Amino acid sequence: MDVTIHFKEIDHKLFGFVEGEIDTFTASGLRDELEAVKITEGLEIELDLSKVNYMDSTGLGIFVAFYKRALRENGKVKLVGLSNRLQRLFEITGLSDLMDIETDKKVELR
C-alpha cells in the first residue's frame, strides 16, 4: 500500500487529504509533498487523516516536523478525521497535547 495526499485551497485555507498507509517505506513521498507546501503567514491548513488506515512512528515524525515548520512560518495546522487507533497513537506519545487535533471531524469543503 502507498500513501497519497492531495490539496485544495479555498480562501487562504489549505485542505489536505491523506490516504493510505504511512510507514518507513511510504513516508518519504508524504514528507516530500508536505515540504513542498508553501506556508504563508496566517495560512490555515487542515489535514484530513480519515482515510489513513495505518501509521507508525515515522508518520508521527513527519506530521510533527510539518507542524513545527508551520508554526515557525506563522501558519496553523490542524489534523482532523483521526480514527480511534490514530487518535490513541497521538495520545500515548503526548502529541495530542501539543498539536491541534480534532478527531470527530472530516474536512468539509464549502
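Residues numbered from 1 in each chain as written. Predicted model: local features only at pLDDT ≥ 70, side-chain atom pairs only at ≥ 80, totals over all residues. Heavy atoms only, no water.

(A) Fine view of the side chain of lysine 13. Among the structural elements, lysine 13 can be located in strand S2 (residues 13–22). A relative accessible area of 16% means that lysine 13 is categorised as buried. Excluding anything up to four places from it in sequence, lysine 13 contacts Lys8, Leu43, Glu44 and Glu46. (Helix = DSSP H or I, 4+ residues; strand = E, 2+ residues; numbered from the N terminus. Buried < 20%, exposed > 50% of the residue type's maximum accessible area, 1.4 Å probe, protein only. Contact = heavy atoms within 4.5 Å.)

(B) Quick peek at the nonpolar core. The biggest cluster of nonpolar side chains holds 30 residues, and the ones touching the most others in it are Leu30, Ile45, Leu47, Phe63 and Leu79. Contributing elements (two or more residues each) for this core: strand S1 (3–10), S2, helix H1 (27–35), strand S3 (44–55), helix H2 (57–72), strand S4 (76–80) and helix H3 (84–92). The greatest single-element share of this core, amounting to seven residues, is contributed by H2. Filtering out sequence-adjacent residues up to four positions away, leucine 79 remains in contact with Leu47, Leu49, Phe63, Phe90, Met99, Asp100, Ile101 and Glu102. (Core = buried A, V, L, I, M, F, W, Y, C linked by side-chain atoms within 4.5 Å.)

(C) Looking closely at the pairing of S4. Note that S3 and S4 share five bridges and pair parallel. Along S4, the bridge assignment pairs glutamate 44 with lysine 76. Traced from S3 through H2 to S4, the parallel crossover comes out right-handed. (Pairing = 2+ DSSP bridges. Right-handed = clockwise from strand over helix to strand, strands pointing away.)

(D) Representation of the confidence of the model for the protein in the model. For the protein, per-residue confidence averages 92 on the pLDDT scale, and 93% of positions sit at 70 or higher. Put simply, helix H4 (residues 95–98) is where the protein has its lowest mean pLDDT, 91, and S4 is where it has its highest, 97. (pLDDT = per-residue confidence, 0-100.)

(E) Representation of unusual backbone geometry within the structure. Its identity as a non-glycine residue notwithstanding, aspartate 11 has a phi of 50°, on the positive side. Relative to the assigned elements, aspartate 11 resides in the loop between S1 and S2. At asparagine 74, a position not held by glycine, the phi torsion is positive, near 60°. Inspection of the secondary structure puts asparagine 74 in the loop between H2 and S4.

(F) Structural view of the environment of tyrosine 67. Locating tyrosine 67 in the fold gives a position in helix H2. The exposure class of tyrosine 67 is buried, given its relative accessible area of 13%.

(G) The arrangement of the pattern of salt bridges in detail. Tallied over the full model, the rule gives four salt bridges. When the shortest N-O distance is used, the salt bridge between glutamate 46 and lysine 13 registers 3.3 Å. On the criterion of sequence distance, the pair formed by glutamate 46 in strand S3 and lysine 13 in strand S2 is long-range, its members being 33 residues apart. Residue glutamate 46 shares its accessibility class with lysine 13, and that shared class is buried. A salt bridge links arginine 69 to glutamate 73; the nearest nitrogen and oxygen atoms lie 3.6 Å apart. (Salt bridge = Lys/Arg side-chain N within 4 Å of Asp/Glu carboxyl O.)

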